[in-house]
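Residues per chain, in single letters:
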Amino acid sequence: MLITTNSSNQGLSTLPSIVTPRLESLGCMVSAEDRPTFKSDLVSDFAIAEKFLARRDTDGDYVYSKDTRLAYLKEYRRLFIFCSHKQKLFADIDHEDAQEYVMFLKTPPASLVGKKLHVESPDWKPFFTDSLSGSSVRSAVAAVKSLWSYMQRIQLIGLSPWAVIVTKTNKVRSEEALRRLRILPLKVLQDVIEYTDNTEQTREGARQRWLFIFFMFTGSRISDVVKHGTGSFETLHTGTKTTWVFNHTSKGGAFHSIPIPSLVIDELKKYRASMGKIEFPIISEALVFNITGKIPVTNRSTIHNAMKSLFQYAANYIEIRSGAEHAIGLRRASTHWLKHSFVKLALDVSEGDIRSVSSLSRHADWKTTKIYDYTDLDPLSDIADSMANRFEIVKK
């Protein structure tokens, strides 16, 4: 399968030069006499993956966000290494190879396991753990399936061997259950805000309160804080009222204007005032700064750690006031739990308006939003109560 491709890939042109030299160092089993031709063909295969990741839409924007492209790049490099060991090109992969690749992901060779590094680091290795989790394996296979679907559309291959890899329904259902488990009760959320009332006088306390309010009332991810600035907020006149919106690009690359309460802007102004900055800058500035207030925060770990710290201290506060059982969930929580809590709260206050909440939550499929709606359990609960009442009648 020797396919001539243009090595220019609109932002990913360094990929072959990164991957190719690593074939020998990663233990490629290609024979010396076959290696030159085989390696050339394999790099051409990888160039197809590059073209897939470098696609742009009609507006000239990447189809996938930068984070998604890097995540897919990692998966394709793993596949590239697997193919080099098998001495097979993409078009040669069959159903048995697909099954074997899943096992390769679950139990990778020790020589391919190393420290967790950026995918473009020269010391990067395909795995930083000796066994991928079930969700990681499913994500890896989904990335590969997307690439094969693309190759089918441009008529490079016929049937996809990855069709035999099926995500088990019970695992999907368990993930739905996890979404429900990761919802913080309204009382706990209120207690966290109450806790920050006592800490916002410090710069770290003010930063934590601002971040909590932002995540809680926008349903955003940590990447949204890092990638966007104060210029992403604007006011829109809808005809009946003036509304603040948060303009941002989702992880899939889609643009959204999300209505937000004025409370979010008020807290942003208070946070900026705590650092001695003007309340709302004319020129866009970072949403979060370091403790000194001088350096914009550009990495996710800083925000993650700030929120985990807030949750732990707030949990201590709640435990003293209400008991340990009320603080258990908060101790386990991460920032993403606030996104789940945001969806559930929006459903509650909208009386189950799933379509509107789906739009507000940026869910591509309204069925995802439906996971958070428990109203369909009401009639079942009535039946269960009626059954119990019958026994109470018998007891009389």
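Residues numbered from 1 in each chain as written. Predicted model: local features only at pLDDT ≥ 70, side-chain atom pairs only at ≥ 80, totals over all residues. Heavy atoms only, no water.

Looking at this structure, how should I read the overall build of the protein chain?
Within the protein chain, the secondary structure is distributed over 17 helices and three strands. Burial analysis of the protein chain (396 residues in total) assigns 41% to the buried set. Summed over all atoms, the accessible surface of the protein chain reaches about 21,100 Å², with 55% contributed by carbon and sulfur. (Helix = DSSP H or I, 4+ residues; strand = E, 2+ residues; numbered from the N terminus. Buried < 20%, exposed > 50% of the residue type's maximum accessible area, 1.4 Å probe, protein only. Areas by Shrake-Rupley, 256 points an atom, 1.4 Å probe, with all protein chains shown as cover.)

Is there a simple way to think about the packing of aromatic side chains in this case?
The tally for this structure, following the rule as stated, stands at 19 aromatic pairs. Arranged with centres 6.4 Å apart and planes meeting at 90°, the rings of Phe214 and Phe233 form a pair that is edge-to-face. Here the residue Phe214 occupies a position in helix 9 (residues 203-218), and Phe233 occupies one in strand 1 (residues 233-237), the gap between them amounting to 19 residues. The two residues Phe214 and Phe233 agree in class, both being buried. Measuring from centroid to centroid gives 5.3 Å for Phe214 and Phe246, while their planes differ by 85°, and the two rings are edge-to-face. (Phe/Tyr/Trp six-rings, centres within 6.5 Å; stacked < 30°, edge-to-face > 60°.)

Whenever I open this one, the sheet that holds strand 3 (residues 255-260) confuses me. Can you help?
Either a parallel or an antiparallel arrangement is found when strands of a sheet pair, and the pairing is made through backbone hydrogen bonds. Spatially, three strands are ordered 1-2-3 in an open sheet, and the strand pairing comes out antiparallel. The two strands at the open ends of the sheet, each matched to only one other strand, are strand 1 and strand 3. Averaged over all neighbouring strand pairs, the angle between strand axes comes to 40°, with direction disregarded. Two strands pair when backbone bridges link them, and strand 1 and strand 2 (residues 242-249) are joined in this way by five bridges, in the antiparallel orientation. (Pairing = 2+ DSSP bridges. Axes fitted to C-alpha atoms, helices over the stretch in contact; angles between N-to-C directions.)

Help me understand the side chain of His248 in this model?
Note on placement: His248 falls in strand 2. Setting aside residues no more than four positions away along its own chain, His248 makes contact with Asp224, His228, Ala254, Phe255, His256, Ile258 and Arg362. (Contact = heavy atoms within 4.5 Å.)

Help me understand helix 12 (residues 300-322) in this model?
The periodicity of an α-helix, 3.6 residues per turn, causes residues three or four positions apart to be oriented the same way. Compared with the 33 Å implied by 1.5 Å per residue over 23 residues, the 32 Å span of helix 12 between its first and last C-alpha is a close match. Three or more residues of helix 12 are buried, namely Ile303, Ala306, Met307, Leu310, Phe311, Ala314, Ala315, Tyr317 and Ile318. (Expected span 1.5 Å × (residues − 1).)

Is there a simple way to explain the packing of helix 8 (residues 186-197) against helix 9 in this structure?
A pair of packed helices can be characterised by two numbers: the angle between their axes and the separation between those axes. Between helix 8 and helix 9, whose axes approach to 10 Å, the crossing angle comes to 155°. Taken as axis vectors, helix 8 and helix 9 run roughly antiparallel relative to one another. Our pair here, helix 8 against helix 9, has a crossing hand that is left-handed. Contact with helix 8, carried on its side by Leu189, Val192, Ile193, Thr196 and Asp197, involves Arg209, Phe212, Ile213 and Met216 of helix 9 and no other residues of that element. (Parallel < 35°, antiparallel > 145°, perpendicular 65-115°, else oblique. Left-handed = near helix turned anticlockwise from the far one by under 90°.)

What should I look at first to understand the nonpolar core in this one?
Of all hydrophobic cores here, the largest spans 51 residues; its most connected members are Trp210, Phe212, Phe233 and Leu330. Elements with a contribution of two residues or more to this core: helix 8, helix 9, helix 10 (222-227), helix 11 (262-274), helix 12, helix 14 (335-349) and helix 15 (354-361). Ranked by residues supplied to this core, first place goes to helix 12 with nine residues. Other than its neighbours up to four places away in sequence, Phe233 contacts Trp210, Phe214, Trp244, Val245, Phe246, Ile260, Val264, Ile265, Leu268, Phe280 and Leu287. (Core = buried A, V, L, I, M, F, W, Y, C linked by side-chain atoms within 4.5 Å.)

Just checking my understanding: could you explain the pattern of salt bridges for this structure?
If the charged atoms of two oppositely charged side chains come close together, the side chains can form a pair. Using the criterion set out here, one finds 15 salt bridges in the structure. A salt bridge links Asp191 to Lys187; the nearest nitrogen and oxygen atoms lie 2.9 Å apart. On the criterion of helical spacing, the pair formed by Asp191 and Lys187 is a turn pair, its members being four residues apart in helix 8. Here Asp191 falls in the buried class, since its relative accessible area comes to 4%. Put simply, Glu285 and Arg272 hold a salt bridge, and the shortest N to O gap is 2.9 Å. Of the two residues, Glu285 is situated in the loop between helix 11 and helix 12 and Arg272 in helix 11; the sequence distance between them amounts to 13 residues. Residue classification places Glu285 among the partly exposed residues on the basis of a relative accessible area of 29%. We classify Arg272 as buried; its relative accessible area is 2%. The structure contains a network of salt bridges with shared partners spanning Lys86, Lys88, Asp94, Asp97 and Glu100. (Salt bridge = Lys/Arg side-chain N within 4 Å of Asp/Glu carboxyl O.)

What is the right way to read the packing of helix 8 against helix 12 from this model?
At a minimum axis separation of 9 Å, helix 8 and helix 12 run at an interaxial angle of 105°. What the angle tells us is that helix 8 and helix 12 run roughly perpendicular. Only Leu310, Tyr313, Ala314, Tyr317, Ile318, Arg321 and Ser322 of helix 12 make contact with helix 8, whose side of the interface consists of Val188, Asp191, Val192, Glu194, Tyr195 and Thr196. Taken together, the residues that form the contact of helix 8 with helix 12 break down as eight nonpolar, two polar and three charged. (Nonpolar A, V, L, I, M, F, W, Y, C, P; charged D, E, K, R; others polar.)

Help me understand the environment of Phe90, please; the structure alone is not making it clear to me.
Residue position: Phe90 is located in the loop between helix 4 (66-86) and helix 5 (95-106). We classify Phe90 as buried; its relative accessible area is 1%. For the pair Phe90 and Phe80, spaced 10 residues apart in sequence, the C-alpha to C-alpha distance is 8.6 Å. Those residues in contact with Phe90 that sit more than four places away from it in its chain are Asp45, Phe46, Leu79, Cys83, Leu147, Trp148 and Met151.

Just to check I follow, could you spell out the layout of surface pockets for this structure?
A water-sized probe rolled over the atoms picks out the places where empty space is left. Roughly 340 Å³ of volume is contained in the second largest pocket. Lining of the second largest pocket is provided by 15 residues; of these, Pro261, Phe342, Ala346, Val349 and Leu360 occupy positions nearest its centre. Of the residues forming the lining of the second largest pocket, the biggest block, four residues, is contributed by helix 14. Within the lining of the second largest pocket, the residues separate by chemical class into 11 nonpolar, three polar and one charged. (1 Å grid on protein atoms, 1.4 Å probe; cavity = no way out; pocket = protein on both sides within 12 Å on 5 of 7 lines; lining within 4 Å. Points joined across faces, edges and corners; volume = space filled by probe spheres on them.)

Please explain helix 11 as it appears in this structure.
In a regular helix each residue adds 1.5 Å, so 13 residues correspond to 18 Å; helix 11 covers 19 Å between its end C-alpha atoms and thus fits that length. Those residues of helix 11 that fall on the buried side of the exposure criterion are Val264, Ile265, Glu267, Leu268, Tyr271 and Arg272. The buried residues of helix 11 occupy an angular sector of 160° when the element is viewed end-on, so they sit on one face. Contacts from the buried residues of helix 11 go to helix 9, strand 1, strand 2 and strand 3. Taken from the residues just after helix 11, Gly276 is the one with a positive phi, measuring 80°. (Arc of directions from axis to C-beta.)

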